[in-house]
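Here is what each chain is made of, one letter per residue.
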Amino acid sequence: MQNSIVLLVDVEAALADSDLADNVYLVDNTRALGSRDEGRATMVSCVAGVHNPDGSPAAEAVLNWIAYGISALPPTLPRSFNLRSHHVAHDHALLEKLAATTHPRDVAALLAAHHEEHGAFGAQRSAMPYLPVDPRSATGEFVSPDAVDYAAHLNPEIVAIRGEAVEKGVIFPALYGSPDFYTEGWYWSASVDTNKVGLHDYILDLRLLRPTRSGGAVTWAPEIHPFKVQIEVSASTMVNGFTGGPLPGVLPLAPPLPAAEGAL
Amino acid sequence: MTPVNIQVFVDVIALLSGASPAQAVHLFDDSSAGSEALGTTGLVSSVLPGQLVRWTVTPLDVQTQVWIRGIAFGAAPPDAPPSAADDPPVWSRRFEGYVPADIFPGAPHPYRLDLCFGAANGPIVAVEGPALRLVPPCADMVAGDGASRLL
Amino acid sequence: MTLRPDDTINNPFPGQLASTQLNIVTLVDVAGTLAAGALDGHAWMMDNSPDSRGKASAGLETACRAGQVLNWLIYCADTTRRPDGRWPPFARIVNIVFLSEDRSSVFGVKICADLKIYGGPDAIRHPYTPSYQYWAGAVMPNLAPGLYPYRLVLELETGIPGETRHHALDGPALRVLVSTYGAA
């Protein structure tokens, strides 16, 4: 079974507090299996292990993590590649307007308006290569990458998974590659030893980027914030769905349908 | 005699978004005795007396949860309780069993597959249409590849 | 011109395409294929894209968009450990080759970025660190809408150590829909 654990981080608030504690909201897909405190920083994810009667695992248990900034671009919006050409489109639009202009005063006004909305003509909008170019808020407003409040548009990044559950061999995490732009091509995943029933802690190290303006430039300083999460491993024994016991029996076939007999 | 594996693939999100089981559920088997309507909810699996039949369900998107809650044979009314007791959680039920040896071959035995999903008291989707058809013990040899199987 | 995402296709479940990972799943009856010496009638493909055609056949046509990530997964009909402790033979994908329109030659244009096997961890930290093994790629963001046939090359274990068989599914295709995002 795959447990997906989503961390929603209020990046602006976390940077203001220099603390994640009250600024992370956890959601997973195993509420029906017993996860508690959904939507809160204290969420406990339930991992439902299933064992064969001889004690061997009957199903794999896998954890997947993904972290989002609450004000970041919706993950379903294609970023990077598709947005990469936006500034070109804006520049084309500007050129068309300029070509149709006859008065120098209008040219100045057009350039000023364009600069106001999209930044300098022809400019690469971001010095950080992995940032979305020409970011927009959910309502479509342009957010300048040079603005300090752009920080909220950067997803937090999980840089390590460690702590008691890792040290005791309850979870075995690793970082995996993917061609998925939404996750910048990486995600964390772990298998769980469901023999280790009970409550376990682990720590996610989240990297936030803190923007500071000095002179005309914005500098992005990485900060690593540890965040403690819990899982509760439970285990049940596989039973046969027909007999209710450990072994299969004879299938409970009903007598054939009269209609089916007639069809033969 | 090798077991017959019946694989049920489910597009869970489509099914819970209004698609019919016929659109979003695909059944297959690896019977060597010739089955019918592979890939559909009308799968008729050819099985031999005494053969072990196993059902396995897999979500197409891998990450959503889908389980077999129960399998009911015959013309069971829609609200008939599934075969499994409610005690073991749905994720720890394995659906497999032996084909009776004392049933006359030929007749199809339709069954209803009840699927449930990762939500407490969530919906149950009944998949109607699949059946097991008992074939005589020599049918898989007649089909040609039963005797030549490598394994 | 701005197209709404669902203007160009008859999508019964609007929004689904953007929010779910698109998996192209192949089911192989390994024992049946080995016995018959061919995949015909022993392998089927399906996906979770609402507008795809030919689901549960060997001629799956996956509806997708430029820029979208596709995952190719493979399942075997029999995956139950035998009483003697051995596992039944498994199948895996060894290549995905895009073909010309009539499938007679290899297509000269790159269709997918980062098309390769995935699922290995960044480092083997422990024997229990999971390993997944699937193929994935992102449809090239500038790919023109159209039909792109491909060949799925499979390697099947035979149960004899060191001996494998190779078979190809020549029927599948990607149907790249009109992309509705980004600059036109």
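Residues numbered from 1 in each chain as written. Chains lettered and ligands numbered in written order. Predicted model: local features only at pLDDT ≥ 70, side-chain atom pairs only at ≥ 80, totals over all residues. Heavy atoms only, no water.

(A) Quick peek at the overall build of chain A. When helices and strands are counted, chain A shows six helices and ten strands. The burial tally for chain A puts 46% of its 264 residues in the buried class. For chain A, long-range pairs separated by at least 24 residues make up 62% of all intrachain contacts whose partners lie at least 6 apart in sequence. Accessible surface, chain A: about 12,400 Å² in total, of which carbon and sulfur atoms supply 57%. (Helix = DSSP H or I, 4+ residues; strand = E, 2+ residues; numbered from the N terminus. Buried < 20%, exposed > 50% of the residue type's maximum accessible area, 1.4 Å probe, protein only. Contact = heavy atoms within 4.5 Å. Areas by Shrake-Rupley, 256 points an atom, 1.4 Å probe, with all protein chains shown as cover.)

(B) Quick peek at the pairing of strand β3 (residues 44-47) of chain B. Residue and element names in this part refer to chain B. By the alternation rule, side chains of β3 split into Val-44 and Ser-46 and Ser-45 and Val-47, which are all buried. Relative to strand β8 (residues 124-134), β3 is paired through four bridges, and the arrangement is parallel. By the bridge assignment, Ser-46 is partnered in β8 with Arg-133. (Pairing = 2+ DSSP bridges.)

(C) Summary view of the interface of chain A and chain B. Across the boundary between the two partners, chain A contributes 30 residues, which contact 37 residues of chain B. Of the roughly 2,700 Å² buried between chain A and chain B on both sides combined, carbon and sulfur atoms contribute 68%. On the chain A side of the interface with chain B, the three residues burying the most area are Phe-242, Leu-251 and Leu-253 of chain A, jointly 23% of the side's total. Taken together, the links from chain A to chain B amount to eight residue pairs in polar contact (both at pLDDT 80 or more). Taken together, the elements giving at least two residues each to the side of chain A that touches chain B come down to β1 (2-9), β3 (44-51), β9 (217-237) and β10 (239-240) of chain A. When its residues are assigned to classes, the side of chain A that touches chain B shows 19 nonpolar, eleven polar and no charged. In the sheet, β10 of chain A pairs with strand β6 (residues 93-98) of chain B via two bridges, with the strands oriented parallel. What sits directly across from Val-239 of chain A, in β6 of chain B, is Arg-93 of chain B. (Buried area = accessible area lost by both parts, 1.4 Å probe. Polar contact = N/O pair within 3.5 Å; in protein donor to acceptor, adjacent residues only side chain to side chain. Nonpolar A, V, L, I, M, F, W, Y, C, P; charged D, E, K, R; others polar.)

(D) Structural view of the pattern of salt bridges. On inspection of all chains with the given rule, the structure shows 19 salt bridges over all chains. Here Lys-196 of chain A and Asp-193 of chain A are joined by a salt bridge, their closest N and O atoms 3.6 Å apart. Note on Lys-196 of chain A: relative accessible area 32%, which makes it partly exposed. In this structure, Glu-157 of chain C and Arg-92 of chain C form a salt bridge, with 3.9 Å as the shortest nitrogen-oxygen distance. Of this pair, Glu-157 of chain C sits in strand β8 (residues 146-157) while Arg-92 of chain C sits in strand β5 (residues 91-98); the two residues are 65 residues apart in sequence, bridging distant segments of the chain. Taken together, the shared-partner salt bridges connect Arg-54 and Glu-96 of chain B together with Asp-78 of chain C into one network. (Salt bridge = Lys/Arg side-chain N within 4 Å of Asp/Glu carboxyl O.)

(E) Local environment of the sheet that holds strand β4 (residues 52-59) of chain B. With mixed pairing, the five strands of this open sheet are ordered in space as β10(A)-β6(B)-β4(B)-β1(B)-β2(B). A single partner strand is all that each edge strand has here, and the edge strands are β10 of chain A together with β2 (25-29) of chain B.

(F) Up close: the interface of chain B and chain C. Counting residues at the interface gives 26 residues for chain B, matched by 28 residues for chain C. Taken together, the links from chain B to chain C amount to one salt bridge. Ionic pairing is found between Asp-78 of chain C and Arg-54 of chain B, a salt bridge with its closest N-O pair at 3.6 Å. Applying the counting criterion to the chain B and chain C interface returns six residue pairs in polar contact (both at pLDDT 80 or more). For the side of chain B that touches chain C, the secondary structure elements donating two or more residues are β1 (4-10), α1 (12-16), β2 and β4 of chain B. Looking at the side of chain B that touches chain C residue by residue, the classes come out as ten nonpolar, nine polar and seven charged.

(G) Main features of the sheet that holds strand β4 (residues 62-69) of chain A. All names here are of chain A. Sheet architecture is open: five strands sit in the order β2-β1-β4-β7-β6, paired in mixed fashion. In this open sheet, the two edge strands, each paired with only one partner strand, are β2 (24-28) and β6 (171-177). Across the sheet, the mean angle separating the axes of adjacent strands is 25° when strand polarity is ignored. (Axes fitted to C-alpha atoms, helices over the stretch in contact; angles between N-to-C directions.)

(H) A look at the nonpolar core. Ranked by size, the top nonpolar core spans 38 residues in total, and within it Leu-7, Trp-65, Ile-158, Ile-171 and Tyr-202 of chain A carry the most contacts. Looking at this core, the element that brings in the most residues is β9 of chain A, giving six residues. Residues Ile-68, Ile-71, Tyr-111 and Val-125 of chain B belong to the second largest nonpolar core, which totals 33 residues. (Core = buried A, V, L, I, M, F, W, Y, C linked by side-chain atoms within 4.5 Å.)

(I) Fine view of the packing of aromatic side chains. Applying the stated criterion to the full structure yields 18 aromatic pairs over all chains. For the pair Phe-73 of chain B and Tyr-111 of chain B, a centre-to-centre distance of 5.5 Å together with 55° between the ring planes defines the contact as tilted. Of this pair, Phe-73 of chain B sits in strand β5 (residues 66-73) while Tyr-111 of chain B sits in strand β7 (residues 108-117); the two residues are 38 residues apart in sequence, bridging distant segments of the chain. The residues Phe-73 of chain B and Tyr-111 of chain B share a single accessibility class, namely buried. Taken together, the ring pairs connect Phe-242 of chain A together with Trp-55, Phe-73, Phe-95 and Tyr-111 of chain B into an aromatic cluster. (Phe/Tyr/Trp six-rings, centres within 6.5 Å; stacked < 30°, edge-to-face > 60°.)

(J) Highlighting the environment of Tyr-202 of chain A. All names here are of chain A. By the element assignment, Tyr-202 lies in strand β8 (residues 198-214). Overall, Tyr-202 belongs to the buried group, its relative accessible area being 0%. For Tyr-202 and Gln-230, which are 28 residues apart along the polypeptide, the C-alpha to C-alpha distance reads 6.3 Å. When residues no more than four places from it in sequence are discounted, the contact partners of Tyr-202 are Ile-5, Trp-65, Ile-161, Arg-162, Ala-165, Ile-171, Phe-227, Lys-228, Val-229, Gln-230 and Ile-231. There is a polar contact of 2.9 Å between the side chain of Tyr-202 and the side chain of Trp-65.

(K) Focus on the side chain of Thr-194 of chain A. Along the chain, Thr-194 of chain A falls in the loop between β7 (186-192) and β8. Apart from residues no more than four positions distant in its own chain, Thr-194 of chain A is found in contact with Val-47, Gly-49, His-51, Ala-61, Val-233 and Ala-235 of chain A.

(L) Just unusual backbone geometry, in detail. All names here are of chain B. Its identity as a non-glycine residue notwithstanding, Ala-37 has a phi of 60°, on the positive side. Note that Ala-37 resides in the loop between β2 and β3. Taking the relative accessible area as the measure of exposure, Ala-37 reaches 38% and is therefore partly exposed.

That's the geometry; what it means functionally is another story.
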